[in-house]
Amino acid sequence: MVTSLLDRRDVVSAFLKDRGQAAVVCGLGSSTWDVAAVDPNDRNFYSWGAMGGAVSMGLGLALAQPDMRVIVITGDGEAMMGVGSFATVAAKRPANLSILVLDNEHYGETGMQPAHTGAGADIAMMARGAGVADATTIRTDSELAAAVDSFHSGVGLRLIVAKIDPASPPRVMPTRDAVENKLTFRRTILGG
Amino acid sequence: MADDDRDWRDQIFTALKDADISLVGYVPDAGHAKLIEASIADNDIDDVALTTEEEGVALATGAWLGGKKSVLLMQSSGVGNCINMLSLRETARIPMVIIVTMRGEYAEFNPWQIPMGSKTQAAFELCGFKVERVDRAEDAGPTVAAALSFAYHSDTGVAVLLSQKLIGAKTW
C-alpha cells in the first residue's frame, strides 16, 4: 500500500539535479512549469502547445546531437496523444534519449478531469509494447532514487513513468516566445 | 539542369543531398518509394518512419533545435493530420520542407482520397506555408532545391506538391 504519492517537483528535481550538459524538451502545461521551476536553463525547450509532440521533438534532437543526452519530460495526457511516437523512437533506438512521463492520472491544466491512466492505461506497458524495452513505472522514493541512478548512468533508450500526486504546485512560467526559446537553445547547444 | 535527363525522383534526392539534408521523416507512399529507399541506403541520412504525419513536424523541429536539416515526405491524405502540430512550426519559426505526393486529383480511382486531396494546398496555406506545385518532371528537382533554399534562409515552411499527373495515377 502506497501511503504517499511522489511530488512532481521532487521527481523533476531528482532527475535534473545531475543533468550536466543534457538538453531537456518539455511537454506542454505542468511539465513545462515543473522544469522552469526546478531548473531554468538555456538547454531547455519549453512547450505551450503542440500536444503530443514532445517525444518526437526529443527524437529529432537526439538524432541531431547523438553525443548529447536528451531528456523529454512530459505528462501522461501529452504522452498518450503522441503514443505512436513510442514505436517511432523504438525503431530508431537512440541511445542518448531518456523520457520521463509524469503521470498524475488527470488532465491538470483543464480542471483535473480524469485521464486514461487512471482507468487502466499503463504507459510503461504501452511503451514496452511499442518496442521501448527499458520502460518502467516508479511510485516510491526508493524507486525514484534507483531510477535516477540508472537514468544518468550508461547509455540506452529508456522511459520512466513516475506516478505522482495530482496536486498542482504554483505555476512557474518560462518564456512563451518560442522563437526566443529556440534561438537561446540553439545558441547554447550549437554555439555561435 | 536542362541536360539532366535522370528520373525526377533521382533529381529530388540530389536536391536533398545538395542542401545537406541529413534526416528524412516519412509516412510511406508509393510515389515516395524511391526517395525513401535512397534515404535508407544513404549512411549520412537518418531515415525515420513515422506512425502518423504530425510526428514528423515535431521531429523536424527537434532536429532543427539540434542543428540538423530535414525534409518530410507524406501523401496528401496525411496533411490534415499535421495541422495542429504545424502551430509548433509557425510559433517557433522552424524551417520546414514537406514534399507531398498528391492523391484525389488527376485520374483518381479512390473517392476517399478526394476530400483531403482537394484541400491539401489550402490547408498548408492556412498554416502559413508557401506552396509549390510540380506538374512536370523537369521541374521536380529545381522546385525542391528552391523550396529548401527558401525555407532554410527564412525560417519558413514550404510544401512541394507532386501532382498525381506527374507521379502517374495509381492503378490496381
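Quantities reported herein were computed from a predicted structural model and do not represent experimental measurements. (Residues numbered from 1 in each chain as written. Chains lettered and ligands numbered in written order. Predicted model: local features only at pLDDT ≥ 70, side-chain atom pairs only at ≥ 80, totals over all residues. Heavy atoms only, no water.)

A. Quick look at the overall build of chain A. Helix and strand content of chain A: eight helices and eight strands. Taken over C-alpha atoms, the radius of gyration comes to 15 Å for chain A, in line with the 16 Å a tight globule of 192 residues would show. With the principal axes as the frame, chain A shows a C-alpha extent of 50 × 35 × 30 Å. The buried share among the 192 residues of chain A stands at 53%. Carbon and sulfur atoms make up 53% of the accessible area of chain A, which totals about 7,900 Å². Taken together, the 17 basic and 20 acidic charged side chains of chain A have centroids lying 7 Å from each other. (Helix = DSSP H or I, 4+ residues; strand = E, 2+ residues; numbered from the N terminus. Rg over C-alpha atoms; globule rule 2.2 N^0.38 Å. Buried < 20%, exposed > 50% of the residue type's maximum accessible area, 1.4 Å probe, protein only. Areas by Shrake-Rupley, 256 points an atom, 1.4 Å probe, with all protein chains shown as cover. Lys, Arg positive; Asp, Glu negative; His and termini not counted. Charge placed at Lys NZ, Arg CZ, Asp CG, Glu CD.)

B. Representation of the interface of chain B and chain A. If you look at the interface, chain B gives 27 residues, while chain A gives 24 residues. Area buried by chain B at its contact with chain A is led by Glu 55, Leu 65 and Gly 66 of chain B, which between them contribute 27% of it. Our enumeration of links across chain B and chain A arrives at two salt bridges. Between Lys 182 of chain A and Asp 155 of chain B there is a salt bridge, and its shortest N-O distance comes to 3.7 Å. Our count for the contact surface shared by chain B and chain A stands at eight residue pairs in polar contact (both at pLDDT 80 or more). Those elements that provide at least two residues to the side of chain B that touches chain A are strand 2 (46-49), helix 3 (53-65) and helix 4 (86-92) of chain B. Tallying contributions element by element places helix 3 of chain B first for the side of chain B that touches chain A, with eight residues. (Contact = heavy atoms within 4.5 Å. Buried area = accessible area lost by both parts, 1.4 Å probe. Salt bridge = Lys/Arg side-chain N within 4 Å of Asp/Glu carboxyl O. Polar contact = N/O pair within 3.5 Å; in protein donor to acceptor, adjacent residues only side chain to side chain.)

C. Looking closely at the sheet that holds strand 4 (residues 96-101) of chain B. All names here are of chain B. With parallel pairing, the six strands of this open sheet are ordered in space as 2-1-3-4-6-5. Where the open sheet ends on each side, the last strands, each with one partner, are strand 2 and strand 5 (130-134). Along the sheet, successive strands turn relative to each other by an average axial angle of 20 degrees, direction set aside. Bridge count for strand 1 (residues 23-26) against strand 3 (residues 70-75) is four bridges, and the pairing is parallel. Opposite Leu 23, over in strand 3, you have Ser 70 as the bridge partner. Across the sheet, helix 2 (residues 33-41) touches strand 1, strand 2 and strand 3, and the angle it forms with strand 1 is around 140 degrees. Lying over the sheet, helix 7 (residues 137-154) contacts strand 3, strand 4, strand 5 and strand 6 (157-162), oriented at roughly 170 degrees with respect to strand 6. (Pairing = 2+ DSSP bridges. Axes fitted to C-alpha atoms, helices over the stretch in contact; angles between N-to-C directions.)

D. Highlighting the side chain of Arg 158 of chain A. Assignment of secondary structure puts Arg 158 of chain A in strand 8 (residues 158-163). Of the side chains with opposite charge, Asp 134 of chain A comes closest to the buried, unpaired Arg 158 of chain A, at an N-O distance of 4.1 Å.

E. Just the layout of surface pockets, in detail. Its boundaries defined by the atoms lining it, the largest pocket holds a volume of some 320 Å³. Mapped by element, the contributors of at least two residues to the lining of the largest pocket are helix 2 (30-38), helix 4 (76-81) and strand 5 (106-107) of chain A. Its boundaries defined by the atoms lining it, the second largest pocket holds a volume of some 180 Å³. In terms of lining residues, the second largest pocket is bounded by 14 residues, among which Ser 47, Trp 48, Gly 49 and Ala 178 of chain A together with Thr 91 of chain B are the most central. Among the elements that take part in the lining of the second largest pocket, helix 4 of chain B stands out by supplying three residues, more than any other. Looking at the lining of the second largest pocket residue by residue, the classes come out as six nonpolar, six polar and two charged. (1 Å grid on protein atoms, 1.4 Å probe; cavity = no way out; pocket = protein on both sides within 12 Å on 5 of 7 lines; lining within 4 Å. Points joined across faces, edges and corners; volume = space filled by probe spheres on them. Nonpolar A, V, L, I, M, F, W, Y, C, P; charged D, E, K, R; others polar.)

F. Examining the environment of Ala 124 of chain A more closely. All names here are of chain A. Looking at where Ala 124 falls in the secondary structure, it is placed in helix 6 (residues 123-130). The spatial distance from the C-alpha of Ala 124 to the C-alpha of Leu 144 is 15 Å, given a sequence separation of 20 residues. Setting aside chain neighbours within four positions, we find Ala 124 in contact with Ala 135, Thr 136, Thr 137, Leu 159 and Val 161.

G. The pattern of salt bridges, seen in detail. Residue and element names in this part refer to chain A. Counted by the stated rule, this structure contains 18 salt bridges over all chains. Taking the shortest distance from any N to any O, the salt bridge between Lys 163 and Glu 105 comes out at 2.7 Å. With Lys 163 in strand 8 and Glu 105 in the loop between strand 4 (97-103) and strand 5, the pair connects residues that are 58 residues apart, well separated along the chain. Salt bridges sharing partners connect three or more residues here, namely Arg 8, Arg 9 and Asp 34.

H. Structural view of the packing of helix 5 (residues 84-92) of chain A against helix 6 of chain A. All names here are of chain A. Interhelical geometry of helix 5 versus helix 6 gives an angle of 45 degrees and a closest axis separation of 8 Å. Accordingly, the angle class assigned to the pair helix 5 and helix 6 is oblique. When the axes of helix 5 and helix 6 are compared, the crossing they make is right-handed. Contact residues: helix 5 offers Phe 86, Ala 87 and Ala 90, while helix 6 offers Ile 123, Met 126, Ala 127 and Ala 130. Across the contact of helix 5 with helix 6, the residue classes break down as seven nonpolar, no polar and no charged. (Parallel < 35°, antiparallel > 145°, perpendicular 65-115°, else oblique. Left-handed = near helix turned anticlockwise from the far one by under 90°.)

Function-wise, these values are silent; they only describe arrangement.
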